[in-house]
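# Residue-level structure breakdown
Residues per chain, in single letters:
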Amino acid sequence: MAKYGLRTIAIAYLFFLLVLPVGLIIWRTFGDGLQPVVDALSSPSAVHAFQVTLTVALWAVAANTVFGIGTAVLLVRHSFPGKRLLNALIDLPMAVSPVVVGLALILVYGKFAPVGGLLESWGIQIIFSTPGMVLATVFVALPLVVRAVVPVLEELGDEQEQAAHTLGASRLQAFLRITLPGIRWALAYGIVLCLARSLGEYGAVAVVSGRLVDQTQTLTLFVEERFQNFDQPAAFAAATALALIAVITLLLTKLLRPKG
Amino acid sequence: MAIEVRDVNKSFGTTPVLRDVSIDVESGSLTALLGPSGGGKSTLLRVIAGLEQPDTGTVHISGVDATRLSPQRRNVGFVFQHYAAFKHLTVFRNVAFGLEIRKRPKADIRKRVMELLELVHLEQMADRYPAQLSGGQRQRMALARALAVEPEVLLLDEPFGALDAQVRKELRTWLRRLHDEVHVTTVFVTHDQEEAIEVADTIVVLAGGRVEQVGSPAEVYDNPANPFVMRFLGPVTEIGGNLVRPHDIEISADPQEGGTAATVSRIVRLGFEVRVELRIDGKDAWVQVTRSFADQLGLKPGDTVSVRPNPGARSLALAAV
Amino acid sequence: MTTDVAVRPAPPPGPPGGGARARSRFSVPGGTALGLGSSVLYLSLIVLIPLAVVAWRSLDEGPGYFWRAVTTPDAWAALTLTIGASALVAVFNLVMGTIIAWVLVRDRFPGKAVVDTLIDLPFALPTIVAGLVLLALYGPESPLGINLAYSRAGVVLALLFVTLPFVVRTVQPVLLELDKEMEQAAASLGASPFQTFRRVILPNLVPAMLSGTALAFTRSIAEFGSTVLISGNLPFKTQVAAVNIFSQIEGDNTTGAAAISTVLLVVALVALVSLDFLQRWGSRRG
């Protein structure tokens, strides 16, 4: 039967490509019980990597959320010349290799670049330090909040906001009391996507961080560095932790995804 | 008989939608399946087309038992309420679809399709895509597509349901004329009694999954089998325990033999006709009269009048409830 | 991780509402100007200026240098491997993605909701973890006895992993929305199930299938993290373009890195512009 044939092909493909590899890592990680995992993840380097990852991700998410809401409102509620171009440019980061992102930032904000040099003379270091990692993370996750909010904002229409204005609400009040509650689930969805992308970014951060152990090492960089140094248990434990975050993200997005 | 449906039962889950339905559709006739929504008429049509399987019972098409035949092999033309246009094909290719499947020679297909497009007045639209047509045009395209394969029966599911009132009226007349030209046995589903009466030569009234009555429009309108059919086919009002059509009532300022006393509560002028609303024994009733007759009577709210059914009027005694 | 948003079929070219094609003599109200200014500044500082500098830097030392940088044996090998593997991966995704979308929409079986959720896992999983996970199952210590480490097959496998959702997630909604009555109409006109699929369903899916394929191709071209571990970065054999750029940056040859980066950017843009063209072509028929 064609039906069962297709089902078998699809499930077998997903099983060998997704389920089995991810399952194997989790099984290997917990193969010797919970204690080694706890030990590996509570080593000073691992804890530091966690901290760096969180700091970078939170800054990046905050920046992209503000930008995302503002730009979505701009695209949906306002008209201005060049709107189509702006709309297209927002998706640009999707098409850029993470490594190219890193290179691009180094060429502008690196110590030997004009802008970077100037900032350096004021004592602000961007590349090989947290600001550069935040910039890289912002770059790769930039479209996520905008793209989550735009369709919902469109569907919402501006009648309710106009009604609020006729009832005496200021622009800010209308935004806070009407628009924001209207887009809250879409916004939450966008923020979750953005956070997950930020926690998991590897390539762009690998380039701009300089991969300095215990300084600019994020969790993804920790996985790679531990694996290259034949410390499989630590690499697997950190990978499993990241995979767990990914699964939680999946479930959250499933819950928040705009229905229909 | 073009179609014979025998003792068909069909349930969706635990909800019965067709109960012991049997109907005969004569060759060359134009039959309406009329009834309220949820009455089972669309399901019956889909059972005839093979798009639904009956739980029990049989369907014969042109004398052949088609009950277990796939829709592909029934040779019926089906026109969907929402047209089911092939969006990726031009109007021409839509109509040609069934013929291409049957591997007819290209030249024959071209000739047949152009004939049909002329018949449905779409010859200018042959190279357009369905998205570029109006609703009425799409529906005519769907009709031409169904007719292209020379089906033994043509089935239309609420064919004008998605169109606005004006286009609906036009297409109605047009369908009648088309049927007079093409003579293919046609069954269409509608919930609009005016549409059924105007277009069909046989009406099957379906409600609650049962056939309530079968007959010509005049029979069904004038001799309804039961109060339900009478109510469904046209306006009714109740006088002295009988259901009567409001235009079949005599009204007079003086008491008349066999008349019932009534008080005028309101007079509504609706263009050429006038609606006289009455109270009879504490119940509401109404009578439809012409404007000149109303002017002649000079009725005002509060007047007492006498009403009785016309001598020739059909009325149905309502069983005591 | 989650590039989910890029997968929406045919993102609206310009949000309606303010509508109005940009008119040339158009006075922008103050509030809009301020918002627009901040938004464009943000985008410029982080995305546009840095990318422009990459392109500019690649031509810094003349077109001759650009050409030599791109055609050094290792860079050329990395570029051809990347484009070849990406094309292969895109075509494979076209077939498998469509089959998976079909099964998810038209088939019913216990656990389907779980399978449906799993599809997005590659978007949610950090790429380095994806690479590690694949290396564990298909590497030297493979419990299945399949060792694809340090081979081109390993690179293809990693790319298949990260691009899995694209075609599935573009085809699935189109298939869901597909008018069932269209298929019933085809059947009542005498079409067999196969004929209905080939003549009615497939033509309606093609635009979505091609969009998904183009997205998968673009992503493969750009991919870095998932290939790092499994490919072993052997120049001339398994080194993809992104990894080649990375090692040039490490070797302080930023001009060379910029040249290859520019090639990748151009290839991605060409793919996306064709995608846009395809979507217009698809929506022409409404």
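Residues numbered from 1 in each chain as written. Chains lettered and ligands numbered in written order. Predicted model: local features only at pLDDT ≥ 70, side-chain atom pairs only at ≥ 80, totals over all residues. Heavy atoms only, no water.

Let us look at the interface of chain C and chain B. With 21 residues of chain C in contact, the opposing surface of chain B contributes 24 residues. Buried surface at the junction of chain C and chain B, summed over both partners, amounts to about 2200 Å²; 59% is from carbon and sulfur atoms. Applying the counting rule to chain C against chain B returns one salt bridge. On inspection of chain C and its partner chain B, the count reaches six residue pairs in polar contact (both at pLDDT 80 or more). Broken down by secondary-structure element, the contributors of at least two residues to the side of chain C that touches chain B are helix H8 (180-188) and helix H9 (193-222) of chain C. (Contact = heavy atoms within 4.5 Å. Buried area = accessible area lost by both parts, 1.4 Å probe. Salt bridge = Lys/Arg side-chain N within 4 Å of Asp/Glu carboxyl O. Polar contact = N/O pair within 3.5 Å; in protein donor to acceptor, adjacent residues only side chain to side chain. Helix = DSSP H or I, 4+ residues; strand = E, 2+ residues; numbered from the N terminus.)

Right, let's get into the domain arrangement of chain C. All names here are of chain C. What the domain assignment lists for chain C is domain 1 (30-59) and domain 2 (63-283). Just the C-alpha atoms count here: the centres of domain 1 and domain 2 sit 29 Å apart. Where domain 1 abuts domain 2, roughly 580 Å² becomes buried across the two surfaces, and 69% of that area is made up of carbon and sulfur atoms. Contact with domain 2 buries surface across domain 1, with Val-54, Arg-57 and Ser-58 losing the most and accounting together for 69% of the total. Joining domain 1 to domain 2, the criterion identifies zero salt bridges. Its residues placed into classes, the side of domain 1 that touches domain 2 shows four nonpolar, one polar and one charged. (Domains from an automatic or database assignment. Nonpolar A, V, L, I, M, F, W, Y, C, P; charged D, E, K, R; others polar.)

Opposite the 86 residues of chain A that make contact, chain C presents 94 residues. Note on chain A versus chain C: buried area summed over both sides is about 8000 Å², and carbon and sulfur give 77% of it. At the junction of chain A and chain C, the tally comes to three salt bridges. Of the charged contacts, one joins Arg211(A) and Glu250(C) as a salt bridge, the two residues approaching to 2.8 Å between their closest N and O atoms. For the pair chain A and chain C, the number of links is twelve residue pairs in polar contact (both at pLDDT 80 or more).

Quick look at the UniProt feature "domain: ABC transporter" (unreviewed entry) in chain B now. Those residues carrying the UniProt feature "domain: ABC transporter" (unreviewed entry) are residues 3-233 of chain B in this numbering. Structurally, residues 3-233 of chain B is divided into 37% helix and 26% strand, and its ends, taken at the C-alpha atoms, are 25 Å apart. (UniProt positions renumbered as here; feature names shortened; annotations may be inferred.)

Attention now moves to the sheet that holds strand E6 (residues 76-79) of chain B. Consider a sheet: its strands pair through backbone hydrogen bonds, and that pairing is either parallel or antiparallel. Residues and elements named next belong to chain B. The six strands lie next to each other as E6-E7-E8-E3-E9-E10, forming an open sheet whose pairing is mixed. Looking at the sheet topology across the chains shown, the edges are occupied by E6 and strand E10 (210-215). On average, each strand axis in the sheet is tilted by 15 degrees relative to the strand beside it, whichever way the strands run. In the packing of helix H1 (residues 41-49) onto the sheet, contacts are made with strand E3 (30-34), E6, strand E7 (153-157), strand E8 (185-190) and strand E9 (202-207), and the angle to E7 comes to roughly 150 degrees. (Pairing = 2+ DSSP bridges. Axes fitted to C-alpha atoms, helices over the stretch in contact; angles between N-to-C directions.)

Here we take up the domain arrangement of chain B. Residue and element names in this part refer to chain B. Domains assigned within chain B are domain 1 (3-228) and domain 2 (235-317). Counting from both sides, the interface comprises six residues of domain 1 and, opposite them, five residues of domain 2. For the pair domain 1 and domain 2, the two sides together bury roughly 520 Å², of which 55% comes from carbon and sulfur. For the pair domain 1 and domain 2, the interface holds zero salt bridges. Inspection of the region where domain 1 meets domain 2 yields two residue pairs in polar contact (both at pLDDT 80 or more).

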